Amino acid sequence: MKMRKNIMQKLAVVGVLAIVIYSCGKDFLETQPYGSVNNDLLATSAKGANALLIAAYSNLDGFSGWDNGSPWGGAASNWTFGSIAGGDAYKGSEAGDQPDITPIERGNVDANNPYLDGKWRNYYDGISRVNGAIKAFTALKDISASEKATRLAEAKFLRAWFHFDLYRIFRNIPYIDETLDDVRVGNATNILPKIQADLIAAIAALPVTQPEIGRITKGAAQAVLGNTYLWEKKYADAKTQFDAIVGSGRYALNAKYHDNFNAATRNSKEGVLEVQQSINDGTTDNGNNGDILNFPYNGGPAGCCGFHQPSQDLVNAFQVDANGLPLLDTYSATNVKNDDGIKSADPFTPHTGPLDPRIDWTVGRRGIPYLDWGKHPGSVWIRDQAYGGPYAPIKNTHYKSQEGRSLRKVV
């Protein structure tokens, strides 16, 4: 009984303390939660402002979280809105997997397509991040004038890039910059001049090289500006930008064509803009996550998922004449031989006519060495030949010798 009385007394004391604690005031309701990011706080230092800018850089891979849609529609490679929509590739895989790509392939997509929604949401999220970084660097005091100018130039490039990629897909889109408090703006105005203004400002302040690999350079901005001029058919203006890139002496062709796609030779002299990816950081959404569907199926490299299969039209375009020159106007008159409808166990002899040798670093086809994985075995690496055709993607595929290895490289 005495023990019970002591316990009750202690509980009473605790209850009084609890009342005292909770009656101190409401300030605790306004405390910044632990583990959350406060943009206003980050913007007060160069380190914080740079964190905001790096967050914007991270959107270059087209994925900012599943809340903004799948990574496949937003993929930086634009495999859905680029090569599939353009005819260089088929959706591939099988009809029932990711059927929302099929309308894009056929050119009859509507506004409810989740792939469109993912691209839109991911890149406007990137634009929002860029504008936050621009505000932070503009207001920052404890930073040199040269560093501020460079960081603002990087941010303006990123804003131009996100808008331009959206422009190429949607055409009529709103342009959002850091001056807008209300982003509910119209899309009736051609935004290319604003994109170009951002790029011109970036070119004026960016260096030819950066001390940190992956940061935007003058050459990258000139390349994108030239590309915008091509969309307007301003070929002389585009040539001026491209000539400046070549004349800088910073870039050159790689000795091997496939070095452009080999992870072991990234950040090469041929790369004008190369997005850096983090690895082993506790997430599974990095490293070009938007392209993880695009490997040979079944027993092939990565084992999934048979999408983004090269088209017969693309393969035919690698046909050349006796002098090794492309058949610009007649390449589609005859198909390159393929194993469509032939089982892997049945005999097959590959095409024997003259072909540009880059074909087999662009397309996986039966009977031809597939990187260091041995010869492509044909239909066993294809999910549904009758639906997606006989070819497999190869550019984004790793070498067998690279499996399980970190290819981190410092140059």
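Look up a bit, the structure's there.
Everything in this summary refers to the structure shown in the same document. Please read these numbers as outputs of a predicted model, since none were measured by experiment.

## Notes on the environment of Thr189
In this structure, Thr189 sits in the loop between helix H8 (145–170) and helix H9 (192–205). Sequence separation between Thr189 and Tyr175 is 14 residues; the distance between their C-alpha atoms is 8.8 Å.

## Brief notes about the packing of aromatic side chains
Inspection of every chain in the model, using the stated rule, returns 12 aromatic pairs. With a centroid separation of 5.0 Å and 50° between ring planes, the pair formed by Tyr123 and Phe162 is classed as tilted. On the criterion of sequence distance, the pair formed by Tyr123 in helix H7 (residues 114–139) and Phe162 in helix H8 is long-range, its members being 39 residues apart. Residue Tyr123 is classed as buried on the basis of its relative accessible area, which comes to 1%. Ring centres of Phe157 and Trp161 lie 6.4 Å apart, and the angle between their planes is 20°; on these two criteria the pair is classed as stacked. Of the two residues, Phe157 and Trp161 are both situated in helix H8; the distance of 4 residues between them amounts to about one turn of the helix. Here Phe157 and Trp161 have matching classes, each one buried.

## Thoughts on helix H3 (residues 46–57)
Between the first and last C-alpha of H3 there are 16 Å, a value that for 12 residues agrees with the 16 Å anticipated at 1.5 Å per step. Buried within H3 are the following residues: Gly48, Ala49, Leu52, Leu53, Ala56 and Tyr57.

## Remarks on the packing of H9 against helix H10 (residues 218–231)
Axis separation between H9 and H10 bottoms out at 9 Å; the angle between their running directions is 155°. Judged by the angle between their axes, H9 and H10 are roughly antiparallel. For the pair H9 and H10, the sense of crossing is left-handed. Contacts between H9 and H10 involve Leu192, Ile195, Gln196, Leu199, Ile200, Ala202, Ile203 and Ala204 from the first element and Lys218, Ala221, Gln222, Val224, Leu225, Thr228 and Tyr229 from the second. For the contact of H9 with H10, the residue count by class is 11 nonpolar, 3 polar and 1 charged.

## Focus on the packing of H7 against H8
As a packed pair, H7 and H8 sit with axes 9 Å apart at the nearest point and diverge in direction by 160°. Judged on the interaxial angle alone, H8 and H7 are roughly antiparallel. Taken as a pair, H7 and H8 cross one another with a handedness that is left-handed. Split by residue class, the contact of H7 with H8 holds 16 nonpolar, 4 polar and 6 charged.

## Overview of helix H11 (residues 235–247)
Its 13 residues give H11 an end-to-end C-alpha distance of 18 Å, which sits within 8% of 18 Å, the value for a rise of 1.5 Å per residue. Among all positions of H11, only Ala238, Gln241 and Ile245 are buried. Seen end-on, H11 carries its buried residues on one side only, within an arc spanning 65°. Away from its buried face by more than 90 degrees, H11 exposes Ala236, Lys239, Val246 and Gly247. Those residues of H11 that are buried lie in contact with H9 and H10. One or two residues past the end of H11 sits Gly249, with phi positive at roughly 75°.

Criteria and thresholds
Counting restarts for each chain: residues are numbered from 1 in the order of the written sequence. Predicted model: local features are reported for residues with pLDDT of at least 70 only, side-chain atom pairs are reported and counted for 80 or more only, and whole-chain, interface and lining totals are derived from all residues. Only hydrogens and water are removed before side-chain values are computed, so all heavy atoms of the structure are retained for them. Numbering of helices and strands starts at the N terminus; helices are DSSP runs of H or I of at least 4 residues and strands are runs of E of at least 2. The pairing test for Phe, Tyr and Trp rings, Trp by its six-membered ring, is centres within 6.5 Å, and the orientation test on the planes gives stacked under 30 degrees, edge-to-face over 60, and tilted for anything in between. Partly exposed residues are those whose accessible area sits between 20% and 50% of the maximum for their type, while under 20% is buried and over 50% is exposed, using a 1.4 Å probe and protein chains only. An expected span of 1.5 Å times one less than the residue number is assigned to each helix. Fitted lines through C-alpha atoms serve as axes, helices being fitted only where they are in contact, and the angles separating the N-to-C directions of these axes extend from 0 to 180 degrees. Just so you know how the angles are binned, under 35 degrees is roughly parallel, over 145 roughly antiparallel, 65 to 115 roughly perpendicular, and the rest oblique. Handedness of a crossing is defined here by the sense of rotation of the near helix relative to the far one, left-handed for an anticlockwise turn of less than a right angle and right-handed for a clockwise turn. Working rule for contacts: check all heavy atoms of both residues, and any pair within 4.5 Å makes them a contact. In this count, Pro and Cys sit with the nonpolar residues alongside Ala, Val, Leu, Ile, Met, Phe, Trp and Tyr, while Asp, Glu, Lys and Arg are called charged and the others, Gly among them, polar. Taking the helix axis as origin, the arc is that swept by the directions to the C-beta atoms.

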